[in-house]
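# Coordinates in review
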Amino acid sequence: MRKTKYLVLFLLFFSFSALSSFTVLISGEHSKFKDCIRESLIKTLNEKNIMFEEIDLKKLRKTDISKYDAYILFATCRAWNITKKVRKFIDRIPAEKHSKILVYSTAGDPDWKYKDETINNISSASKKVDLNSKIDKIKEFLNTL
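A few points on the structure.

Parameters at a glance
Residues numbered from 1 in each chain as written. Predicted model: local features only at pLDDT ≥ 70, side-chain atom pairs only at ≥ 80, totals over all residues. Heavy atoms only, no water. Pairing = 2+ DSSP bridges. Helix = DSSP H or I, 4+ residues; strand = E, 2+ residues; numbered from the N terminus. Right-handed = clockwise from strand over helix to strand, strands pointing away. Contact = heavy atoms within 4.5 Å. Salt bridge = Lys/Arg side-chain N within 4 Å of Asp/Glu carboxyl O. Buried < 20%, exposed > 50% of the residue type's maximum accessible area, 1.4 Å probe, protein only. Patch = residues over 30% accessible without salt bridge, like charges linked within 9 Å, V, L, I, M, F, W, Y side chains within 5 Å. Areas by Shrake-Rupley, 256 points an atom, 1.4 Å probe, with all protein chains shown as cover. Lys, Arg positive; Asp, Glu negative; His and termini not counted. Charge placed at Lys NZ, Arg CZ, Asp CG, Glu CD. Expected span 1.5 Å × (residues − 1). Arc of directions from axis to C-beta.

### Re the pairing of strand E2 (residues 51-54)
- One ladder, built from four bridges, connects strand E1 (residues 23-28) with E2; its direction is parallel. Note on E2: the bridge partner recorded for Val 24 is Phe 52.
- Crossover E1 to E2 through helix H2 (residues 32-47) is right-handed.

Structure follows, in structure tokens:
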């Protein structure tokens, strides 16, 4: 019984330590639609006790990427590609961490995908009609981390 009790305490401590050291970077463009998604994302991260840092898109270039375990980036698709600042930031992230990136892009074509298939992508038109399904997809991504 005593060994089981210590094992449970060890596992609880280990789980708490792992969560408290996990940090998600959130950045990207703003719009009414994207900000609605972002607010829901932040609420979910708080509920899951996942640390996060929201960084202004203009400051991404100087951001130390090694501090983060996952990246959620909001971008607009223009001329079949995402915003240049977001694209350049993604290029700085090592390939082995690409599975920890989620790009949420608004595009005229809701089936549009980011060209790098190793990066998670959610795209939609900026319509609140399918808002809950998009939020659910972000939650699915968070559950894989």
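### Re the environment of Leu 45
- One can find Leu 45 in helix H2.
- Along the chain, Leu 45 and Lys 139 lie 94 residues apart, while their C-alpha atoms are 9.1 Å from each other.
- Beyond its immediate sequence surroundings of up to four residues, Leu 45 is in contact with Val 24, Ile 26, Ile 50, Phe 52 and Leu 142.

### Focus: the pattern of salt bridges
- For the structure shown, the criterion picks out four salt bridges.
- Salt-bridge contacts for Glu 54 lead to Arg 38; the nearest nitrogen and oxygen are separated by 3.4 Å. On the criterion of sequence distance, the pair formed by Glu 54 in strand E2 and Arg 38 in helix H2 is long-range, its members being 16 residues apart.
- On the accessibility criterion, Glu 54 (39% relative accessible area) is partly exposed.
- Across the pair Lys 67 and Glu 53 runs a salt bridge, and its minimum N-O distance is 3.7 Å. With a gap of 14 residues between them, Lys 67 in the loop between E2 and strand E3 (70-78) and Glu 53 in strand E2 connect regions that are remote in the sequence.
- Look at Lys 67 and you get partly exposed, because its relative accessible area is 47%.
- Look at Glu 53 and you get partly exposed, because its relative accessible area is 31%.
- One salt-bridge network, in which partners are shared between bridges, spans Asp 35, Arg 38 and Glu 54.

### Brief notes about the side chain of Thr 83
- With respect to the secondary-structure elements, Thr 83 resides in the loop between strand E4 (81-82) and helix H3 (84-92).
- The class of Thr 83 is buried, set by a relative accessible area of 13%.
- Setting aside anything within four residues of it in sequence, one finds Thr 83 in contact with Glu 29, Ala 75, Thr 76 and Arg 78.

### Description of a positive patch on the surface
- Among the surface-exposed residues, Lys 58, Arg 61, Lys 62, Lys 84, Lys 85 and Lys 88 lie close enough to one another that they form a single positively charged patch.
- Structurally, Lys 88 can be placed in helix H3.

### Concerning unusual backbone geometry
- In this structure, Asn 49 takes a positive phi of about 55° despite not being glycine.
- Locating Asn 49 in the fold gives a position in the loop between H2 and E2.
- Judged by relative accessible area, Asn 49 falls into the exposed class, the value being 59%.

### Thoughts on helix H4 (residues 131-143)
- Look at H4: 19 Å from first C-alpha to last across 13 residues, which is about the 18 Å you get at 1.5 Å a residue.
- Turning to H4, its buried residues number three or more, namely Leu 131, Lys 134, Ile 135, Ile 138, Phe 141 and Leu 142. The buried side chains of H4 occupy one side of the element, clustering within an arc of 110° when seen end-on. Turned more than 90 degrees off the buried face of H4, the exposed positions are Asn 132, Glu 140 and Asn 143.
- For H4, the elements touching its buried residues are H2, E3, strand E5 (101-106) and strand E6 (120-124).

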